[in-house]
Amino acid sequence: MRISLKWLQELVDVAISPEELAETLTMAGFEVEEIEDRRPWASGVVLGKIIACEQHPNADKLRVCQVDVGSSEALNIVCGAPNARADIYVPVAVVGTYLSTIDLKIKPAKLRGVPSEGMICSLAELGLSKESAGIHIFELENPELGSDIRPLLGLDDVILDLTATANRADALSMVGVAREVAALTGASLRIPAANGGAIEGKESPGLAVEISEPQGCPIYIGTAIEGVKIAASPAWLQQRLQAAGVRPINNVVDVTNYILLEWGQPLHAFDRDRLQSFTGTQDISIGVRFAKTGESFKTLDGQNRNLQAQNLLITASDKPVALAGVMGGEDTEVHEGTQNLVLEAAIFDQATIRRSARAQGLRSEASIRYERGVNQAALATACNRAVSLILELAGGTATVQKTASSGENLSFSRSIELRLDRVNQVLGQLKRGETGGSKYLEPEEGKNILTALGCEVVPTEKERVWNVTVPPYRYRDLEREIDLIEEVARLHGYDNFCDTLPSKTEPGYLSAEYAAIRNVRSAFRAAGLTELMHYSLVKTEGDNQVVLANPLFVEYSALRTEMLSGLIDAFQYNLEQGNGALNGFEVGRIFWKDGDAMKEADAIAGIIGGDPTVWKWQQGGRDRPLSWFEAKGILESAFQELGLSVEYQSDSSNTRLHPGRTAALSLNGKHLGVFGQLHPQLQQEKDLPEQVYVFQLDLAVLVGELGRSKNLTRKFAGYSSFPASDRDIAFFAPVEVPVVEMQSAMKKAAGSLLDSVELFDEYRGDNVPAGQRSLAFRLVYRAGDRTLSETDVEPAQQKVRDVLVEKFGVSLRS
C-alpha cells in the first residue's frame, strides 16, 4: 500500500525523517519497498500568471507569453502549449530550476529568435502524469504569485510503498498504519470521527435489506441518499487518491475509495434510479445470495461474467447487481447524471470472497482487503464517515439506513491469558548494554508495549499472569498467547534480543534419498540430456485425472498423469522455433485417481531424437535419424553410470509408442518403466522427425535400488592379467522368446567363470524354420588367478547348451 506521509501526519505525529520511519516500519515487519520523495520534482517551480499571450512571429505553433511570477518584471517565455492564453494561473519553472522527472535544467534560451526565460509546465513535466495535452491551469481564488506550487499539487509529500504481511489486514489502511506508527514511536494518535445524526427519515419506505447467506455476509448496511450532484472531487481528495495510485473519477466514487484507503473498509455506491429501472420496481430490496446456474451480468470493467455457484452476489429484487466484495455492476454504476444513491457497507466472509474472486479470475482492491479480513468493529464508523463526506462534497440528504445482520455475537473482543515467564522463555535475554537493568524484559515494559497496541492488560490471581483483552481492529490476528509474545518482540525490536546459538552443531548433509536423486540427475546429464522443467498442471482430458476445484485457467485445470506429453510438446516447440531437436529429461511428480483415492508418485522421463553428430559435412549438412539402438545406448550409459543392470522386454501396451519398437524395463524383477519410439501416427500429427524416442521411469524404483548396500559404495575390481577364452554358440529359437531371457539363463547356468555374453548375429529367412530365427552369441570366460583350460570351459559351456534346450526349446547349430 502506498502511504502518503502528509496524510499520515494528520493522523499521528511523525517527528522522524521518512528514511527513519521506513526503517522503523521495516524492522517491525512492514517492509517499505520504496521511498518516493516528490519534493524535488518541482523544486524551484512557482505560481505565475500569464498577463499577455501573442503569436510567435516565426512559428505557427508557438506563443510568446508575458508571465508575472511576483517579481519586479514579467518573464518572457515561449510556450508551445495549445491552451496557453492570457489571465490564467500556471506553474512556471524559472531559470536555474532542475526538473528531475524529465532530467531538464532550465536555462535562458532563444526559440526561433525570441528569448525565453523559463518554462510553463504541464503535469507530465512535473511527474504527475504520463502525458499532458497542455500546460496545467490552476483554479485559485486568492493566488500568491511567486509562491511554491508544490503544496497546490501535493508535491510537498513523501510516499512510502509499504508491504504488509497476510495476517495484518489492518495495515491496508491509513488508520491501521497510523496506529502502528503510534505504537512504535509513542506519538499521539488522532483517529478521524464521523459526524453523527446524518440520517433523516429512517422509517421512510423504499429500501429493504435481506441476507440469504449469513455465513457469507454477517452484516450489511444500506444507506439511501437523495439529491446528490455528481462533479469532480476537490483537489485535496484527488491528490490523496493519486498519491495512493488510485484514479479520481467523481466525488461520490472518490469518497468510497477514500474510505477504502483511510479505514480499509470497501464500500460501493449504486445509482438508485438505475436500480429501480433495472428491477422494474420503486421499492428496492437488497439481497445477498450465491449465484445460480446460467446467471451472468456485466461488471464495471465492461466484461460479461458467467457466474458460478461459488460467486456471492448482491442482488436487487433478486437480480444480480454486483459481485459481492469484488466489483460492482455496469448497469447500476454511478454516472454524471446520478441524483440518488444506495451506499453499500458490508462485511463478507474471507474464504467466500477468495473463492468468488478466483472463480472469475478477478482481484480488486476490495477483494484483497476482504480476503485478508476487514475490521468488523469499524464498519458503522466507516459507513457514517462516507455518508458525511458525500453530503459535504456532493450535497443531498441521507434518508434511509437499513441494517441486516446474522444475529451472531458481533462483539469482536477476545481475552488471552499471557504468562510473563513464557514471554521470557520464548524471547530470551536482552541486550541491555551499559544501561544495566534486568537481563530479561521487565513486566512494565511488556505492559507498555501491549497498551500501546490498544490492548487492555489486567493482572490475574495467578502470579506473573495477565489477562489481555485484544482491541477489535486486531481481533483477526491476535488469537493466542504466542501472538502476543510476537507483538512484544516486534515492538521492542528483534535486534534488541541476544543472539543465542545452539549448544551443539552438526555439519549438514544430504539425506540418502536426496543424494540418490541428485546422482540420477547427474547420470542423465552426463549421458548428454538437458534437464527440463514443466508445470504439473495440464488440461482436463482423462478420466483418472485429479481435477482442480478452482483452476486459474482452463489450460491448468488438472494435474498431469504422465510426463511424456509435456516432453513431446517441448520437442515440437523447439523444432518450430528453429532450435533443432531436443534431447532432454525431467524429474517430476505425476498424479492420478484410483477409484476415489488420489495418488501421486515421482517419475523421471525423457525424449531423445536429435542427431548427436556435431559437424554434418559428411551427411550433406542434414541430420541423421537416430536408430533405436543408439537411443537405447544413451539410456544404457546413464544406467551404467549408476551401476544398474536393467532388463528389456518387448511391450506394445502404450498406444502412443511404436508397437514393434517399445520395451518394458525392469530392475531386479521390479517394473521400472517404458522406453520406445513414438508411434508413426503421432509423429505425423506433431510433424516430428521420423525417429523420436521417449522413456518414463519410476523414480522410487531407481532410488530404492541405488539405496541398496551394494550400490552405496562403488567398489573397484582388479583386471585379470590372464587371457580370456571365448566360445560361440548358434541355434534356432522361437521368435517370441526374448533375447534378454536367454542371456540371463546363460549367465546363471555358466556360473562365475562367464565374464560376458553378447548377441552378435540374428538371421531370419531362407533355411530357417518358420516361426523361428537364427541367433549367435559369443560367450567370454575368464578367471582372475589362472589361464582357463578346456576342462574348465567345456563343462560350463555344456550347461549353457542344456539350459537353452530344456528351457527355451532351441535347436542347436553349433
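Residues numbered from 1 in each chain as written. Predicted model: local features only at pLDDT ≥ 70, side-chain atom pairs only at ≥ 80, totals over all residues. Heavy atoms only, no water.

### Focus on the state of the cysteines
Alright, step 1. Across all of its chains, the model carries 0 disulfides by this definition.
Alright, step 2. Cysteine 79 takes part in no disulfide bond, and the closest cysteine sulfur, belonging to cysteine 65, lies 5.2 Å away. (Disulfide = S-S within 2.5 Å.)

### Quick notes on the packing of aromatic side chains
Aromatic ring pairs are defined here through the distance separating the ring centres and the angle between the ring planes.
Alright, step 1. For the structure shown, the criterion picks out 12 aromatic pairs.
Alright, step 2. A ring pair is formed by tryptophan 236 and tyrosine 258, whose centres lie 5.7 Å apart and whose planes are at 85 degrees; its orientation type is edge-to-face. A residue pair is termed long-range when its members are at least 10 positions apart, and tryptophan 236 in helix 5 (residues 235–243) and tyrosine 258 in helix 6 (residues 251–263) qualify at 22 residues.
Alright, step 3. Since its relative accessible area comes to 3%, tyrosine 258 is described here as buried.
Alright, step 4. Seen in terms of ring centroids, phenylalanine 553 and tyrosine 556 are 6.2 Å apart; in terms of plane orientation they differ by 75 degrees. Their pairing is edge-to-face.
Alright, step 5. The exposure class of tyrosine 556 is partly exposed, given its relative accessible area of 31%. (Phe/Tyr/Trp six-rings, centres within 6.5 Å; stacked < 30°, edge-to-face > 60°. Helix = DSSP H or I, 4+ residues; strand = E, 2+ residues; numbered from the N terminus. Buried < 20%, exposed > 50% of the residue type's maximum accessible area, 1.4 Å probe, protein only.)

### Describing the sheet that holds strand 35 (residues 693–698)
Alright, step 1. If you walk across this open sheet you meet the 7 strands as 27-30-31-35-34-33-32, and the pairing is mixed. Only two strands of the sheet have a single neighbouring strand rather than two, namely strand 27 (530–531) and strand 32 (647–650).
Alright, step 2. Packing against the sheet, helix 14 (residues 512–526) makes contact with strand 27, strand 30 (584–594), strand 31 (597–608) and strand 35, and its axis sits at approximately 130 degrees to strand 30.
Alright, step 3. Packing against the sheet, helix 15 (residues 564–576) makes contact with strand 30, strand 31, strand 34 (670–678) and strand 35, and its axis sits at approximately 35 degrees to strand 31. (Pairing = 2+ DSSP bridges. Contact = heavy atoms within 4.5 Å. Axes fitted to C-alpha atoms, helices over the stretch in contact; angles between N-to-C directions.)

### Some remarks on a nonpolar patch on the surface
Alright, step 1. Together, Tyr535, Leu537, Leu552, Phe553 and Tyr556 make up a nonpolar patch on the protein surface, roughly 550 Å² of accessible area in all.
Alright, step 2. By the secondary structure assignment, tyrosine 535 is in the loop between strand 27 and strand 28 (537–538).
Alright, step 3. Given the relative accessible area of 62%, tyrosine 535 is considered exposed. (Patch = residues over 30% accessible without salt bridge, like charges linked within 9 Å, V, L, I, M, F, W, Y side chains within 5 Å. Areas by Shrake-Rupley, 256 points an atom, 1.4 Å probe, with all protein chains shown as cover. Salt bridge = Lys/Arg side-chain N within 4 Å of Asp/Glu carboxyl O.)

### A few points about the confidence of the model for the protein
Alright, step 1. Of the residues in the protein, 95% reach a pLDDT of 70 or more, and the chain-wide mean stands at 90.
Alright, step 2. When mean pLDDT is taken per element in the protein, strand 35 scores highest with 96 and helix 19 (residues 709–712) scores lowest with 58. (pLDDT = per-residue confidence, 0-100.)

### A closer look at the sheet that holds strand 14 (residues 219–226)
Paired through their backbone hydrogen bonds, the strands of a sheet run either parallel or antiparallel.
Alright, step 1. The sheet built from 4 strands is open, its strands ordered 15-22-14-23 with antiparallel pairing. On the outer flanks of this sheet lie strand 15 (267–271) and strand 23 (397–405), each paired with one strand and no other. Here the average twist between neighbouring strands, direction ignored, is 20 degrees.
Alright, step 2. Summarising the sheet, strand 14 and strand 23 pair through 8 bridges and their orientation is antiparallel. Note that in strand 23 the partner of glycine 222 across the bridge is lysine 402.
Alright, step 3. With respect to the sheet, helix 6 is in contact with strand 15 and strand 22 (341–347), its orientation differing from that of strand 15 by roughly 165 degrees.
Alright, step 4. On the sheet, helix 7 (residues 272–279) packs against strand 14, strand 15 and strand 22 and is oriented at approximately 65 degrees with respect to strand 15.

### Describing the pairing of strand 36 (residues 725–734)
Alright, step 1. Across the 10 residues of strand 36, 8 count as buried, placing the element largely inside the fold.
Alright, step 2. Here 2 bridges tie strand 36 to strand 39 (residues 811–812), and the two strands are oriented antiparallel to one another. From the neighbouring strand, phenylalanine 732 faces strand 39, where its bridge partner is serine 811.

### Observations regarding helix 8 (residues 350–360)
Alright, step 1. Where helix 8 is concerned, the buried positions are Thr352, Ile353, Ser356, Ala357, Ala359 and Gln360. With its buried residues spanning 160 degrees around the axis, helix 8 presents them on a single face.
Alright, step 2. Its side-chain oxygen 3.4 Å from the backbone nitrogen of alanine 351, aspartate 349 forms the N-cap of helix 8. (Arc of directions from axis to C-beta. Polar contact = N/O pair within 3.5 Å; in protein donor to acceptor, adjacent residues only side chain to side chain.)

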